[in-house]
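Each chain, written out:
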Amino acid sequence: MDISYRAWKVFWRNFVVFRKTWLTNIMFNFLEPLLYLAAMGYGMGYYIPAIEGMSYLQFLAPGLIASSAMWATCSECTYDSFVRMKFQKTYHAIVATPVSLDEVVVGEMLFGTFKSVLYGTVILLVIFLLGLVQSPAALLVPPVLVLCGFVFAELGMMWTGLVPKIDTFSYFFTLIITPMFLFAGVFFPLDAMPVIVRQLAWLIPLYHVVELVRSLVLGQLSPGLLVHAAWLVVFIAIFFYPPLYLLRRRLTG
Amino acid sequence: MTAVVCARELVKKYNGFTAVRGINFVVRPGECFGFLGPNGAGKTTTIKMIHCFIPVTAGTLEVLGYDVGSHPREIKARLGVVSQEDNLDPELTVEENLLLYAGYFDIPRGEAVKRVRELLAFAGLEEKAGVEVEHLSGGMKRRLAIARALVNKPQLLILDEPTTGLDPEARHMIWEKMRQLKAAGVTLLLTTHYLEEAAQLCDRLVIMDRGIILEEGPPEELVRRHVGREVLELAPVDGEAVEILAKVDGGVLAHQIIGRTLYLYTGNGRDTWQQVQGLTGRFSHMRLRPATLEDVFLKLTGRSLD
């Protein structure tokens, strides 16, 4: 591994471009979680008396912070990264300077993480304005979104290192990201699920993010939250090297 | 003076395919050194090893006195690279592209702003400074790519097929910029499959084909050594080209037969022409012209460059 402060230069490059294009890029991405909140929280929630002693809207809202953070990072580190790598040849341009390929990959992941924090925090603000934030502990949500972002940035970049063409990302989304979105506790608690499902949930990064974010927004603090955070750190450690290896193999092998 | 690039028995293999098969060459300070050859000759692969993009399989490769395997950052800090494919940042303006790139080299902001101003003037892009790259013409993009590669004041500028895909006017503009750089003392290393480009710009060149270097030297010397001054192209209406060959002598240095056409490389075109005119038999094509690098390539490989 060949990583220094220069990885931030790659982050900065993406940030400079983002600053120029955010208005067109960002609006629709924010709209989607709000549509879910309206349709399922208000609409369907009307027929759901209560979940864990709270309204369905209240239950769902923090989950959508986690899921929109995940989606934002995943699309950044798959489609957007792939376009930079394959079509714009941005990586080739950068590695011709003292910046290494490993730093390019880490910089891309840092930027993917930024997307998670940005999107998740904006949804948090919307939820706050709707009166659905119950505790100042919600201020700890952005750090959780950093962990969330880094995990999914790594997973996304792994696929960017693997896929033969841009269409192949649909496998990643259909087989990995969408199931996580639906079954990691965003829409319903996993407590009523069979034991095996609850145990498997521990292997799903989004599950830990949802648990953390929901607890912080609701002010349900417990030492168990540290276990969830520790799991995310473990995921980050495990998945750090594979994207570096795969992209090196892809571009210079 | 030490060599800018020094390759010894350089080999590159990709998944069992050998793209570069043990080549040796030296690029000297201040010269324009060219790699001439058809697509797939191994030119771009060699270039990529020089700018530390892909690892060397075997042999040694030193750039500016550093080994490419152990000191890529030191080398890359002193190189400029203009790649074959456009890899500018399309969403950013001309000026933003240059400033951002200066950042990769840790050039302080004030110094970067100063250099960017100079480079905009050099590339003739002052009026386009605030224009997004996606709105530039192909020739302007290439000039910007060259300007960007100069932002760190490189000791060696590498250009991979610098004028491929450009119209003639844009091509001559790029050549002029390259001559300016050469005059300013920048060592240039370029790959091309345009013989005119190689002949116009290179002090020395190597002719590559299928991963090996076939020949090395100054362009005009290579032409003289291999194919003399002139080439007589002959295509007989009847019979085989090889039959004519037996009937000409004197002044013909070498020959090549491609399809039905005989190429006679001669030191004295007028003599050879008269000799051929004295022959019986008709020709569907008969032409005497000055010898070029393409003839050298044709003679060495039996194939044309395209």
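How each quantity is defined
Residues numbered from 1 in each chain as written. Chains lettered and ligands numbered in written order. Predicted model: local features only at pLDDT ≥ 70, side-chain atom pairs only at ≥ 80, totals over all residues. Helix = DSSP H or I, 4+ residues; strand = E, 2+ residues; numbered from the N terminus. Rg over C-alpha atoms; globule rule 2.2 N^0.38 Å. Axes fitted to C-alpha atoms, helices over the stretch in contact; angles between N-to-C directions. Parallel < 35°, antiparallel > 145°, perpendicular 65-115°, else oblique. Contact = placed C-beta atoms within 7 Å. Nonpolar A, V, L, I, M, F, W, Y, C, P; charged D, E, K, R; others polar. Buried ≥ 20, exposed ≤ 12 C-beta atoms within 10 Å, placed from the backbone. Pairing = 2+ DSSP bridges. Expected span 1.5 Å × (residues − 1). Bend = angle between axes of the 7 residues up to and from the residue. Core = buried A, V, L, I, M, F, W, Y, C linked by C-beta atoms within 7 Å. Domains from an automatic or database assignment. Left-handed = near helix turned anticlockwise from the far one by under 90°.

### Focus on the overall build of chain A
Within chain A, the secondary structure is distributed over 10 helices and 0 strands. From first element to last, N terminus to C terminus, chain A shows the α and β order α-α-α-α-α-α-α-α-α-α. Here the C-alpha radius of gyration of chain A, 18 Å, is about what a compact globule of 253 residues would show, namely 18 Å. With respect to the principal axes defined by its C-alpha atoms, chain A has extents near 60 × 40 × 35 Å.

### Regarding the packing of helix 5 (residues 141-162) of chain A against helix 8 (residues 205-218) of chain A
Residue and element names in this part refer to chain A. It is the contact of helix 5 with helix 8, at a shortest axis distance of 10 Å, that shows an interaxial angle of 175 degrees. Here helix 5 is positioned roughly antiparallel relative to helix 8, judged by the angle of their axes. Between helix 5 and helix 8, the residues in contact are Val141, Val144, Cys148 and Val151 and Pro205, Val209, Leu212, Val213, Leu216 and Val217, respectively. Considering only residue class, the contact of helix 5 with helix 8 consists of 10 nonpolar, no polar and no charged.

### A word on unusual backbone geometry
Residues and elements named next belong to chain B. We note that Cys52 has phi near 65 degrees; this positive angle belongs to a residue other than glycine. As for its position among the elements, Cys52 is in the loop between helix 1 (43-50) and strand 4 (58-63). Exposure remark for Cys52: the 26 C-beta atoms within 10 Å place this residue in the buried category.

### Details of the interface of chain B and chain A
Taken together, the contact between chain B and chain A spans 19 residues of the former and 18 residues of the latter. Breaking the side of chain B that touches chain A down by element, the ones donating at least two residues are helix 2 (72-77) and helix 3 (94-104) of chain B. Looking at the side of chain B that touches chain A residue by residue, the classes come out as 10 nonpolar, 4 polar and 5 charged.

### A look at the sheet that holds strand 13 (residues 261-266) of chain B
Consider a sheet: its strands pair through backbone hydrogen bonds, and that pairing is either parallel or antiparallel. Residue and element names in this part refer to chain B. Strands sit in the order 12-13-11-14 across an open sheet of 4 strands; the sheet is antiparallel. In this open sheet, the two edge strands, each paired with only one partner strand, are strand 12 (252-258) and strand 14 (283-290). Averaged over all adjacent pairs, the angle separating strand axes in this sheet is 15 degrees, with direction ignored. Inspection of the sheet shows strand 11 (residues 230-236) paired to strand 13 by 5 bridges, in the antiparallel sense. Paired with Leu234 across the bridge in strand 13 is Leu262.

### Side note on helix 2 (residues 56-87) of chain A
Residue and element names in this part refer to chain A. Taking 1.5 Å per residue, 32 residues should reach 46 Å; helix 2 reaches 44 Å between its end C-alpha atoms and fits that length. Along helix 2, the largest kink reaches about 30 degrees and is centred on Glu76. Of all 32 residues making up helix 2, 27 are buried, and the element is well covered by its neighbours. Immediately beyond the C-terminal end of helix 2, within one or two residues, lies Lys89, with a positive phi of roughly 55 degrees.

### What to know about the nonpolar core
One finds Ala66(A), Cys148(A), Val213(A) and Ile158(B) to be the most contacted residues of the largest nonpolar core, which totals 161 residues. With 16 residues, helix 2 of chain A is the largest single contributor of residues to this core. Structurally, this core is a two-domain feature, drawing no fewer than three residues from each of domain 1 (5-222) and domain 2 (229-290) of chain B.

### Here's the deal with the environment of Asp249(B)
Inspection of the secondary structure puts Asp249(B) in the loop between helix 9 (241-245) and strand 12. Separated by 22 residues in the primary sequence, Asp249(B) and Asp271(B) have C-alpha atoms spaced 9.8 Å apart.

### As for the pairing of strand 3 (residues 32-36) of chain B
Residues and elements named next belong to chain B. Counting buried residues in strand 3 gives 5 out of 5 residues, a clear majority hidden from the surface. Alternating positions in strand 3 separate into two faces, Cys32, Gly34 and Leu36 on one and Phe33 and Phe35 on the other, with burial throughout. Across 5 bridges, the pairing between strand 3 and strand 8 (residues 187-192) is parallel. Across the sheet, residue Phe33 finds its bridge partner in strand 8, namely Leu189. Pairing of strand 3 with strand 9 (residues 204-209) involves 4 bridges; the strand directions are parallel. Paired with Phe33 across the bridge in strand 9 is Arg204.

### Here's the deal with the environment of Leu61(B)
All names here are of chain B. Residue position: Leu61 is located in strand 4. Owing to 22 C-beta atoms within 10 Å, Leu61 belongs among the buried residues under this scheme. Between the C-alpha atoms of Leu61 and Glu216, which are 155 residues apart in sequence, the distance is 18 Å. When neighbours within four sequence positions are excluded, Leu61 is seen to be in contact with Ala7, Leu10, Met49, Ile50, Val56 and Val68.

### Quick word on the pairing of strand 10 (residues 212-217) of chain B
Residues and elements named next belong to chain B. With 5 bridges connecting them, strand 9 and strand 10 associate as antiparallel partners. Note on strand 10: the bridge partner recorded for Leu205 is Gly217. Between the antiparallel neighbours strand 9 and strand 10 lie 2 residues, among them Arg210 with a positive phi of about 50 degrees.

### Here we look at the packing of helix 3 of chain B against helix 5 (residues 138-149) of chain B
Residues and elements named next belong to chain B. The interhelical angle for the contact between helix 3 and helix 5, taken along N-to-C directions, is 25 degrees, at an axis separation of 9 Å. Of the possible angle classes, the one that applies to helix 3 and helix 5 is roughly parallel. The way helix 3 lies across helix 5 gives a crossing that is right-handed. Counting all contacts with helix 3, which are made through Val94, Asn97, Leu98 and Tyr101, the residues of helix 5 involved are Leu144, Ala147 and Arg148. In terms of residue class, the contact of helix 3 with helix 5 is made up of 5 nonpolar, 1 polar and 1 charged.

Honestly, it's all geometry; don't read function into it.
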